[in-house]
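Observations on chain architecture
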Amino acid sequence: MDYNKPPEIAKAMVAAGTMKCGLGPLPLLWRGALAGAYLGVATSMAVTAAVQTGLPIVGAVIFPFGLCLVILLGTELLTGSFALLPCAAVEGKPGCGWGVVLVNWGWVFVGNLIGSVVYAALFAMSASMTGAVEISAVGAKIAAIAEAKTIAYAAHGGEGMATVFVKAILCNWLVSLAVVVSFATTSLASKMLAIWGPVMLFFSQGYEHAIVNMFMIPAGMMLGANVSVGDWWVWNQIPVTIGNLVGGLFFTGWAIYLTHRPPKEA
């Protein structure tokens, strides 16, 4: 039967984290850039579908294909690594100390940022005929979303900061869950289905994902959003990244690994 039970999933989490710890800066940057771009494309398509149909849920149904590409093509996504690498560190795998984990996360963060911003620039050019025509309806919607993800939180001060942080925790609880549950099967169709559910749940509820926002907010800024670089980082990117870390590490990674890991051999 094409189903790995939870203890086997826990083993796969450790194996995946160990493999990722062994990657050098260049593959982490390249794979990270690809992952950022894939999620950017999926996000722009989801917004396009929502604008064209008037039904945001349609965009949520489409978006998970981006994470399918990320996982199936073996690229590097920071939010998934938040759940996997700490399992290898706790298991005591060689070459997976906490220093290695932090350096790995740093390179993947930079790679995700590069890929996301490059695609954001290309998308902004396509949405405005390189600035020669009025911004498209999809571009205007992305600009509005960028403001909702930054200055709308800033307007509420501490309450806004707490909200964006909690939404980031909830987001990566689900996104990292999709990464982990993909280990439950080796079938292509089954993997995609396993990924689809949790990701659709996150996107449909408007939770905050650090890598999605690396595309959404810069793209919105390029398309006229009233958002500064400071607004982006202070009111979204930094708290969302930290919240995603909490959600991925505690709610999914360690929660599943520590529950189902097999006892160590004497």
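That block above? That's the structure.
Below or above, wherever it landed, is the structure these notes cover. (Residues numbered from 1 in each chain as written. Predicted model: local features only at pLDDT ≥ 70, side-chain atom pairs only at ≥ 80, totals over all residues. Heavy atoms only, no water.)

With that out of the way, let us pick up the pattern of salt bridges. Under the defined criterion, the tally for this structure stands at 2 salt bridges. With a closest N to O distance of 3.1 Å, Glu76 and Lys20 form a salt bridge. Here Lys20 lies in helix α1 (residues 6-21) and Glu76 lies in the loop between α4 (64-72) and α5 (78-91), a separation of 56 residues in the sequence. You can call Glu76 buried: its relative accessible area is 0%. A relative accessible area of 10% places Lys20 in the buried class. (Salt bridge = Lys/Arg side-chain N within 4 Å of Asp/Glu carboxyl O. Helix = DSSP H or I, 4+ residues; strand = E, 2+ residues; numbered from the N terminus. Buried < 20%, exposed > 50% of the residue type's maximum accessible area, 1.4 Å probe, protein only.)

Once that is clear, we can look at the nonpolar core. Grouped together as the largest cluster of nonpolar side chains are 52 residues, with contacts concentrated most on Met13, Phe63, Leu67, Leu84 and Phe202. Looking at which element gives the most residues to this core, the answer is helix α9 (residues 157-181), with 8 residues. Those residues within four positions of Leu67 in sequence are excluded, and the remaining contacts are Leu39, Leu77, Val175, Ala178, Ile195 and Val199. By size, the runner-up hydrophobic cluster in this structure holds 19 residues, among which are Phe123, Ala143, Ile217 and Ala219. (Core = buried A, V, L, I, M, F, W, Y, C linked by side-chain atoms within 4.5 Å. Contact = heavy atoms within 4.5 Å.)

For any two helices packed against each other, the geometry is given by the interaxial angle and the distance between the axes. Orientation of helix α2 (residues 25-53) relative to helix α11 (residues 210-222), taken along the N-to-C sense of each, is 65°, at an axis distance of 9 Å. By the angle between their directions, the pair α2 and α11 is classed as roughly perpendicular. As for the relative orientation of α2 and α11, their crossing is right-handed in sense. Across from Gly36, Leu39, Gly40, Thr43, Ser44 and Val47 in α2, the residues of α11 making contact are Ile211, Val212, Phe215 and Met216. Of the residues assigned to the contact of α2 with α11, the class counts are 6 nonpolar, 4 polar and no charged. (Axes fitted to C-alpha atoms, helices over the stretch in contact; angles between N-to-C directions. Parallel < 35°, antiparallel > 145°, perpendicular 65-115°, else oblique. Left-handed = near helix turned anticlockwise from the far one by under 90°. Nonpolar A, V, L, I, M, F, W, Y, C, P; charged D, E, K, R; others polar.)

With respect to the secondary-structure elements, Leu67 resides in helix α4. Along the sequence, Leu67 and Leu77 sit 10 residues apart, while their C-alpha atoms lie 9.1 Å from each other.

Two elements in contact, α2 and α4, have axes separated by 7 Å at closest approach and are oriented at 160°. Relative to α4, the element α2 is oriented roughly antiparallel. Judged by the sense of rotation from one axis to the other, the crossing of α2 with α4 is right-handed. Two secondary-structure elements touch here, α2 through Ala35, Tyr38, Leu39 and Ala42 and α4 through Gly66, Leu67, Leu69 and Val70. A breakdown of the residues in the contact of α2 with α4 according to their chemical character gives 7 nonpolar, 1 polar and no charged.

Moving on to the side chain of Ser44. Here Ser44 is to be found in helix α2. In this view, Ser44 contacts Tyr119, Phe123, Val138 and Phe215; residues no more than four positions away in its chain are not counted.

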